[in-house]
Amino acid sequence: MARPKPERLNPAADLAGKSRPPGRSGNPAKAARGAATPAKPGTTPGVRDRATAADWVSGARLRTLPLAIAPVALGTGAGIVAIPDGPWHPARALLALVVALALQIGVNYANDYSDGVRGTDEHRVGPARLTGSGAARPKQVLAVALSFFALAAIAGLALTIVTGQWWLLAVGAVAIVAAWFYTGGKHPYGYYGLGELFVFVFFGLVATAGSAFVQALTVNFEAWVGGVGVGLIACAVLMANNLRDVVQDKVAGKRTLAVLVGPLAGRILFTVFMLVPFGIVAFFALLYPTAWLVMFGLLAALPACLIVLTAKTPRELILALQLASLTALVYGIGLGLAFAL
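Since the model is a prediction, treat every value here as computed from it, not as a measurement.

S.K.: Quick question: what am I supposed to make of the overall build of the protein chain here?
M.R.: Helix and strand counts for the protein chain come out as 15 helices and 0 strands. For the protein chain, the proportion of its 341 residues judged to be buried stands at 49%. Working note: accessible area of the protein chain is about 16,100 Å², and carbon and sulfur atoms make up 71% of it.

S.K.: Is there a simple way to think about the packing of helix α9 (residues 195–216) against helix α10 (residues 221–244) in this case?
M.R.: Packed helix pairs are characterised by how far apart their axes lie and by the angle those axes make with each other. Contact geometry of α9 with α10 gives a least axis separation of 7 Å together with a crossing angle of 145 degrees. In the crossing of α9 with α10, the sense of the turn from one axis to the other is right-handed. Contact residues: G195, E196, V199, F200, F203, G204, L205, T208, A209 and A212 in α9; A223, W224, G227, V228, V230, G231, L232, A234, C235, L238, M239 and N242 in α10. Along the lines of polarity and charge, the residues of the contact of α9 with α10 split into 15 nonpolar, 6 polar and 1 charged.

S.K.: Sorry if this is basic, but what is going on with a nonpolar patch on the surface here?
M.R.: A contiguous nonpolar patch, built from L157, I161, V162, W166 and L169 and spanning about 470 Å² of accessible area, is present on the exposed surface. Mapped onto the fold, L169 is located in helix α8 (residues 168–180).

S.K.: Would you mind showing me how to read unusual backbone geometry here?
M.R.: Leaving glycine aside, a negative phi is the common case for residues, and trans is the common case for peptide bonds. Positive phi values are uncommon outside glycine, yet R61 reaches one of about 55 degrees. Relative to the helices and strands, R61 resides in the loop between α3 (53–59) and α4 (66–82). Its relative accessible area of 14% is what places R61 among the buried residues. Despite not being glycine, L217 shows a phi value in the positive range, around 60 degrees. Along the chain, the position of L217 falls in the loop between α9 and α10. A relative accessible area of 41% places L217 in the partly exposed class.

S.K.: Which parts of the structure should I look at to understand the pattern of salt bridges?
M.R.: Two side chains of opposite charge can pair, provided their charged atoms sit close to one another. Evaluation of the coordinates by the stated rule reveals 2 salt bridges. Between D115 and K254 there is a salt bridge, with its nearest N and O atoms 3.4 Å apart. Of this pair, D115 sits in helix α5 (residues 90–118) while K254 sits in the loop between α11 (246–252) and α12 (257–261), and the two are 139 residues apart along the sequence. The pair formed by D115 and K254 is uniform in burial state, with each residue classed as buried. For D245, the salt bridge identified is with R244, shortest N-O distance 2.8 Å. For the pair formed by D245 and R244, the shared burial category is buried.

S.K.: Explain the side chain of T271 to me, please; I cannot follow it from the model alone.
M.R.: Position of T271 among the secondary structure elements: in helix α13 (residues 263–285). Residue class for T271 comes out buried when judged on its relative accessible area of 16%. The residues contacting T271, other than those within four sequence positions of it, are C305 and L309.

S.K.: Sorry, what's going on with the nonpolar core here?
M.R.: Counting 88 residues, the largest nonpolar core has Y109, L130, F270, M274, Y331 and L335 as its most contacted members. Tallying contributions element by element places α10 first for this core, with 13 residues.

S.K.: Honestly, the packing of aromatic side chains in this entry has me stumped. Any pointers?
M.R.: To describe a pair of aromatic rings, one takes the distance between the centres and the angle between the planes. Using the criterion set out here, one finds 13 aromatic pairs in the structure. With a centroid separation of 6.0 Å and an interplanar angle of 50 degrees, the aromatic rings of W56 and Y109 are classed as tilted. Placement of W56 in helix α3 and of Y109 in helix α5 is noted, with a sequence separation of 53 residues between them. The interplanar angle of 70 degrees and the centroid separation of 6.2 Å between the aromatic rings of F221 and F284 together place this pair among those described as edge-to-face. Here the residue F221 occupies a position in helix α10, and F284 occupies one in helix α13, the gap between them amounting to 63 residues. Members of the aromatic cluster, joined through ring pairs, are F221, F283, F284, Y288 and F339.

S.K.: Any chance you could explain the side chain of T183 here in plain terms?
M.R.: Topologically, T183 is positioned in the loop between α8 and α9. For T183, a relative accessible area of 0% corresponds to the buried category. A polar contact is formed between the side chain of T183 and the side chain of N111, at a distance of 2.8 Å. Beyond its immediate sequence surroundings of up to four residues, T183 is in contact with A110, N111, S114, D115, R118, P188, Y191 and K254.

S.K.: Could you clarify how one ought to interpret the environment of L264 in this entry?
M.R.: Note that L264 resides in helix α13. Assessed through its relative accessible area of 62%, L264 is described here as exposed. Separated by 44 residues in the primary sequence, L264 and V308 place their C-alpha atoms 9.8 Å from one another.

Conventions used here
Residues numbered from 1 in each chain as written. Predicted model: local features only at pLDDT ≥ 70, side-chain atom pairs only at ≥ 80, totals over all residues. Heavy atoms only, no water. Helix = DSSP H or I, 4+ residues; strand = E, 2+ residues; numbered from the N terminus. Buried < 20%, exposed > 50% of the residue type's maximum accessible area, 1.4 Å probe, protein only. Areas by Shrake-Rupley, 256 points an atom, 1.4 Å probe, with all protein chains shown as cover. Axes fitted to C-alpha atoms, helices over the stretch in contact; angles between N-to-C directions. Left-handed = near helix turned anticlockwise from the far one by under 90°. Contact = heavy atoms within 4.5 Å. Nonpolar A, V, L, I, M, F, W, Y, C, P; charged D, E, K, R; others polar. Patch = residues over 30% accessible without salt bridge, like charges linked within 9 Å, V, L, I, M, F, W, Y side chains within 5 Å. Salt bridge = Lys/Arg side-chain N within 4 Å of Asp/Glu carboxyl O. Core = buried A, V, L, I, M, F, W, Y, C linked by side-chain atoms within 4.5 Å. Phe/Tyr/Trp six-rings, centres within 6.5 Å; stacked < 30°, edge-to-face > 60°. Polar contact = N/O pair within 3.5 Å; in protein donor to acceptor, adjacent residues only side chain to side chain.

Structure follows, in structure tokens:
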């Protein structure tokens with residue numbers, strides 16, 4: 001008897017999978033039957049049982065947090081190099097980390113809200129989201145997103161006060177606006193193939209240079225070039241995420257970079273995003289010998305590239321995304337320590 005074929009990335013398999021939010025059937029008859037099903041006592045029609053703490057933690061997308069930690073660690077190390085004399089400022093580094101983490105979590109909840117109310121998550125094959133699955137009301141998810149943006153603003157204000165650089169408020173405001181309009185608003189730029197560009201700018205250059213600046217009140221060569229490396233890895237993480245959903249995003253009208261260039265070119269771009277940063281490490285190793293240790297990050301980066309180049313199922317791309325996030329963490333912390341020590 002012939003062996004069953006593995007699940008492949010195709011619309012029929014993915015759109016019929018378990019990832020479809022409850023109550024959102026593609027079959028009108030089934031949808032009608034679902035609508036006619038009476039709600040459980042004490043629940044609201046269209047919304048399943050109240051989201052648990054685990055649901056909210058899952059909604060924060062903890063696997064993406066290395067993208068916030070890496071540029072702060074790298075930028076802080078670069079800033080320590082630029083300090084002419086005196087100690088570094090751990091409190092400023094901590095505040096910069098709070099800003100980055102709060103923005104990352106905030107944008108994850110904001111994406112959950114915006115994609116959910118827009119209907120994009122009806123075609124999602126990744127982990128279920130709070131809004132799209134009906135686990136939480138849209139206003140609840142929006143309130144949590146705005147709360148994290150507010151936390152980022154408060155930490156940013158504290159950084160501005162301690163450094164005396166009031167123009168940092170404008171940078172913070174632009175970062176929050178960019179976080180919201182990734183999938184929010186009438187014309188979200190994430191739907192027009194610009195997601196990787198903004199991730200590179202804000203989670204690469206801005207976060208790294210900003211973390212260096214609050215240490216030394218200047219941005220050195222190490223911060224700018226290191227920011228390029230960590231920004232490219234952040235682009236790789238987003239590309240892996242979008243490659244996983246490329247068929248479904250096309251159906252939903254979400255024109256990510258993966259949709260625009262196609263799966264093959266997207267896989268090649270992922271590999272470029274992952275490997276070019278290690279060329280930057282090789283360059284820095286000529287100036288900071290311990291930077292060679294960052295090459296251990298290839299133990300995660302190379303398998304991620306191989307998986308993406310050969311993946312046939314969404315599950316494989318989720319693993320590649322996790323490996324890319326781990327690479328970002330090793331890269332940012334490792335290179336930051338190479339600069340600082």
